[in-house]
Structure formats: C-alpha cells, structure tokens
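Okay, here's what each chain looks like letter by letter:
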Amino acid sequence: MKPNKPVNVRRSDVMEKVSAVIGEHYLSPLVDGIRARGGRMVLDNMTILLAQEFGFCAGVRRAIDIAYAARRVFPDQRIYLIGEIIHNPEVNRQLDEMGLVRLPWQQMDESYEALTPDDVVIIPAFGVPVQMREFLEEKGVFIVDTTCGDVMKVWRRVKGYANSGITSVIHGKAKHEESRATASHARGDGGDGHYIVVFTSEDARVVCDYILGKGDREKFLAHFRGAMSEGFDPDLHLQRVGMANQTTMLKEETLEIQTMLRDAVIARDGNELNFHVFDTICGATQDRQNALFHLLEQPLDAVIVVGGYNSSNTTHLVEIAQKHQPNTWFVENAACIESLHEIRAFNTRMKKEELTALPPEAADTSRRWTVGITAGASCPANLIEEVIRRFAALRGCAVEVK
C-alpha cells in the first residue's frame, strides 16, 4: 500500500495567521463580555441569559483551525473536503469561499477516482469509514485529518469489542457520518466483527426482545436493514454485546438504552457478564446539556437554540429545552427572526423550517422579556451575537460591548 504523505499544518507561523482570521470570522467580543459577567446581560426592556457552556468546543475549533491552516500550507494545490467539516452552514460556507472542493461522504464516486498524489484531502471532525481512509492512502494524497479525539476514543472501544468477539450496539443515527465511521471500526482488525445501530428506545426494545427470545428473526432483520453489519445474525451476534454511542447523543436516552440492554442480558443469563458498556458521549456534549438544564432552572420567557439544523448535539439541546420551556425556538442565524411577531424556526420532528408565531409578550416592550440562549458545539459565537443584536434592535434596546 502506498503511504499517504503526512504534513504538519499546525505550524506556529501558520497558526498565528490562522488565529487572527478565525477571530474575525467566528469570535465575538460581545459574547465574551456577557460570559465575563456571569452570562447575564440586562438591557432596557429585556434580559439575555447565556448557558454556562455553549458554542464551539475544543474539537470543533481544532478542526476549523486545521482546515484554515491547510489552505495556507497548500496555497496552490487542490484541496478537497469530505462532506462538511462540522455541521454548521456558516463555517462550511467560509471554507467553500476559500476554494475547498467538497467530496461526497455518502459514497466514493468518480471524483475520488480523479484524485492525484498532488491533491490534499481534509477528513472532517466526524472522521471517515476505514475503507475510505484506506482508499485515500492508496491514492497517495496529502491527508489532513481533523477527526475529533473523542470520536477516536469510541473507535478504539468498538474495535476492542470486535477483537474480543463482542458485538457493538451503537446508540446513534445509522446514516450520520460519525456513526458510519464508528460502525466501520466495529468490524475490528480482522474485519469480521459485528455491530447494530439503535437510534430510539423502540429500536432498543426490538433488540432486547430478541435477546429475551421474544423476537421474530425476519422482522428483526427488516427493522435494522441498513443499520447492522453485513452478515449480522441475531441468533449468534447478540450473545455478547457492548454498548457505545455517537458522541453527540442525548445522555438520558443513552442511559435508558444501556439500562434496557443490561436488564435484558441479566434476565437471559442471570448476570451481566455478557454486557459491556463504556460512556462515549463527549465531555463537551455533556457540559452543554448540563449547562442547559441549569439555565432552564431560571425564570425564562423564551429559549433560543442557535446552530446548524443537521447538528445532532444541537438538536438534542432543542429537545431538552422544549420539555421545560414551550417557547423554545431552534434557529440557524439572526435572519430567522422575522419580527417580534414571527420567527422561522426549525421543527425537529417535521425536519423543516417553519414560520412560527411568537407569544404576545415578545412584542410588548412595556414589560421585561427574559430570553435564555444556548448553542450547539459547532456554532460560532458571532452567530450568537447577531441573534442577540437582532432581538435587542427589534425591542429598541442599545447594545454596548464592554
């Protein structure tokens, strides 16, 4: 196999320039100032409360830094990006404007075949399947890898399961980039390991019923078509199971599924020796979920969640908020705020943006309106600032950066 050409794009001379550009594109002195004041900004007739943890995580910032650095290290070469660097349209738009060319992540088409050893290929923060990485190495391209360290921890875990003859039960979305990459590693070093991907507690119940001898084989295989390893046999491959998860899943749902699987194995075997678990939800995801729970304990009139609509960790923040505050809206940017009467918010169940009426108090500037704001781990601070300024302008409030 022809080795790829390793390159260190995070050189000190390069990163100094990259940091300056990142600051211009994505950071916010206003948001930093609110953070410094304990996450509270009191204006004439409205109060903004920020969650203690929100926005860019270290893994996302690292991925963006590397992508920007790659453009500077390879100013004259073709640079390709597999899919999206992260799930935020503003960040990906900036990379498009820098001349990065997108490669499809769903499958390798003729554009992959056309790659040459002079080309640079950026692997996104979610990582890529093993087979795709091997193809790139065979092509001999320059590989710039931005895979998140937390994702690679999951890979090591599921690979260890496979090498020990344990089937990985992955809590995640079967078609998500990260879950697909994780599933490929769950095949193990020999490529003969097995996995099954469960997304909901209903999926987990189907698995548990089969473990307990109550399932129908053909219905089981039909239910998980496209979400299990090739050659998966539920009669063989559910004897020893190990739990892992997409790093951005909702913690309480993962814990529920873990409990269901453990209980099923104990009911079948009389003990939990054939059940293995390792918490693979990333720290940043947990921190943002925990911070949102704390924010929701405050008296709020509304909650705004800012981020990309295809962002898994952001979607879960929306789900948490909606359970506690009916006036919760998921927006991509400030342009979604049409007025103090209407907002274009993403409906996570219908998977589409909808024009939604705001409650009367949003437009009542004679009373104080308190809004809690959080954002997913892939959302830059400048978008949060624009949302704050948009609401403030509509309610006639001056905003100063202190």
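About the cut-offs
- Residues numbered from 1 in each chain as written.
- Predicted model: local features only at pLDDT ≥ 70, side-chain atom pairs only at ≥ 80, totals over all residues.
- Heavy atoms only, no water.
- Core = buried A, V, L, I, M, F, W, Y, C linked by side-chain atoms within 4.5 Å.
- Buried < 20%, exposed > 50% of the residue type's maximum accessible area, 1.4 Å probe, protein only.
- Helix = DSSP H or I, 4+ residues; strand = E, 2+ residues; numbered from the N terminus.
- Contact = heavy atoms within 4.5 Å.
- Lys, Arg positive; Asp, Glu negative; His and termini not counted.
- Salt bridge = Lys/Arg side-chain N within 4 Å of Asp/Glu carboxyl O.
- Pairing = 2+ DSSP bridges.
- Axes fitted to C-alpha atoms, helices over the stretch in contact; angles between N-to-C directions.

### Quick word on the nonpolar core
Item 1. Ile-304 and Ile-373 are the most contacted members of the largest nonpolar core, which totals 53 residues.
Item 2. Take this core: its biggest share by element is seven residues, from helix H15 (residues 381-394).
Item 3. Setting aside residues up to four positions removed in sequence, Ile-304 forms contacts with Trp-329, Val-331, Ile-343, Val-371, Gly-372, Ile-373, Thr-374, Val-387 and Phe-391.

### Section: the side chain of Glu-178
Item 1. Within the element layout of this structure, Glu-178 appears in helix H8 (residues 177-185).
Item 2. Put simply, Glu-178 is tucked away with no salt bridge, and the nearest opposite charge, on Lys-173, sits 10 Å away.
Item 3. Ignoring sequence-local partners within four residues, the contact set of Glu-178 consists of Phe-126, Val-151, Asn-245, Gln-246 and Thr-247.

### Some details on the sheet that holds strand E9 (residues 241-245)
Item 1. Taken together, the four strands give an open sheet; going across it, the order is E8-E7-E9-E10, and neighbouring strands pair in parallel fashion. Every interior strand has two partners, whereas the edge strands, strand E8 (195-198) and strand E10 (275-277), have only one. Between one strand axis and the next, the sheet turns by 25° as a mean value, whatever way the strands run.
Item 2. Bridge analysis of strand E7 (residues 167-171) against E8 gives four bridges, and the strand direction is parallel. Across the sheet, His-171 pairs through a bridge with Val-198, a residue of E8.

### Some details on the sheet that holds strand E12 (residues 328-331)
Item 1. The sheet built from five strands is open, its strands ordered E1-E2-E15-E11-E12 with mixed pairing. Because the sheet does not close on itself, it has two edges, and the strands there are strand E1 (40-42) and E12. Between one strand and the next, the sheet's axes are offset by a mean angle of 20°, whatever the strand orientation.
Item 2. In this sheet, E12 lies alongside strand E11 (residues 302-306) in parallel orientation, the contact comprising four bridges.

Geometric descriptors of this kind do not, in isolation, establish any biological role.
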